[in-house]
Amino acid sequence: MRLLFRALNVLVVLGLIAAATLVYKVKYQSTFYVERIAKLKSDIRKETEQIAVLKAEWARLTTPSRLQGLADRHLKMQQLTVDQMLWVDNLPEKPTPDPDPIGTLLEALEDGRDPIMTGTIKPAVKPKKPAGPPVAAKPAPKVKPPVALKPLAKPAPVAQAKPQPAKPSPINALLSGVPLDLKPPAAIPSKPVTVQR
C-alpha cells in the first residue's frame, strides 16, 4: 500500500511539472503574440503616417500656382492674344471631295508628286533633268504569281487555372482570431517581457 502511495505521489508530481511547463509555454507564446500584434499595430501606424505625409507632399507639388510657375520658367509658353483667335467666317473653306481619289493618286505618283498633301503644304518643285542623250529604259522586273495561303490551324483550347483561395493577411488573421503559423524564437528570455499600452 505504501508503495502505491509513493507511485501515486511521483505521478502527481510529474503531472504538476508537466502542467507547469505547459502553462509556462502557453504564457510565453501569448506574450510573443501580444508583442507581434503590438509591432504590427506600430507598423500600421507608421505606414498610415507616411501615406499622410506623401499625400500632403503630392498636394503641395500639384498646386496650380506652383505648376504655373514651373511652366513659365521652363516651357517658355506665351499667353493667348486676341489676334490669335479667329471667327468661324475667317476659316478657310472645306475642300471639295475628289470624285476620283484613286485616279488622282495614280496621276500624282506618275508625275512624281507627293500624292497625299495636307493643309497648306506646297508641293516641292522637282529639279529639271539636264537634257542629254536618252537613256535606255530598264526592263520591268518579273512579278511572281500569288501563292495560295494555307488556312490557319485552330488554336488548342487553353485550360483555365483554378483560383487559389487567398491567404489572409497577418493583421486580418490576428483580428479575426485565425491562428497564424508564427514560431516563437528558440531562446527563452530569463525574465518575462512586458508590453506597455
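In this text the structure is predicted, and so the values were computed from the model without any measurement.

Colleague: Describe the overall build of the protein chain, with residues and values.
Modeller: Assigned secondary structure in the protein chain consists of four helices and zero strands. Of the regular secondary structure in the protein chain, the N- to C-terminal order runs α-α-α-α. Sorting the 197 residues of the protein chain into buried and exposed places 5% on the buried side. Excluding contacts between residues fewer than 6 apart, the proportion of contacts in the protein chain whose partners are at least 24 apart in sequence is 68%. For the protein chain, the computed accessible surface area is about 20200 Å², with 66% contributed by carbon and sulfur atoms.

Colleague: Tell me about a nonpolar patch on the surface, and name the residues and values.
Modeller: Together, M1, L4, F5, L8, V12 and L16 line one region of the surface with nonpolar side chains, adding up to about 680 Å² of accessible area. When you line up the elements, V12 lands in helix α1 (residues 2-61). By relative accessible area, which is 45% here, V12 ends up partly exposed.

Colleague: An account of the pattern of salt bridges is needed here, citing residue identities and associated values.
Modeller: What the rule picks out here adds up to two salt bridges. Among the salt bridges present, the one from D43 reaches K39, with a minimum N-O distance of 3.3 Å. Here the residue D43 and the residue K39 both occupy positions in helix α1, the gap between them amounting to four residues, near one helical turn. Residue classification places D43 among the partly exposed positions, given a relative accessible area of 31%. Since its relative accessible area comes to 47%, K39 is described here as partly exposed. Between R45 and E49 there is a salt bridge whose closest N-O contact spans 3.8 Å.

Colleague: So, α1: which residues are in play, and what are the values?
Modeller: The first and last C-alpha atoms of α1 sit 88 Å apart over 60 residues, in line with the 88 Å expected at 1.5 Å per residue. Residues of α1 that are buried include every one of Y28, F32, L40 and S42, and no others.

Colleague: Lay out a negative patch on the surface with the relevant residues and their values.
Modeller: Judged by side-chain charge, D98, D100, E107 and E110 come together as a negatively charged surface patch. Within the fold, D100 resides in the loop between α2 (64-74) and α3 (101-111).

Rules and cut-offs
Residues numbered from 1 in each chain as written. Predicted model: local features only at pLDDT ≥ 70, side-chain atom pairs only at ≥ 80, totals over all residues. Heavy atoms only, no water. Helix = DSSP H or I, 4+ residues; strand = E, 2+ residues; numbered from the N terminus. Buried < 20%, exposed > 50% of the residue type's maximum accessible area, 1.4 Å probe, protein only. Contact = heavy atoms within 4.5 Å. Areas by Shrake-Rupley, 256 points an atom, 1.4 Å probe, with all protein chains shown as cover. Patch = residues over 30% accessible without salt bridge, like charges linked within 9 Å, V, L, I, M, F, W, Y side chains within 5 Å. Salt bridge = Lys/Arg side-chain N within 4 Å of Asp/Glu carboxyl O. Expected span 1.5 Å × (residues − 1). Lys, Arg positive; Asp, Glu negative; His and termini not counted. Charge placed at Lys NZ, Arg CZ, Asp CG, Glu CD.

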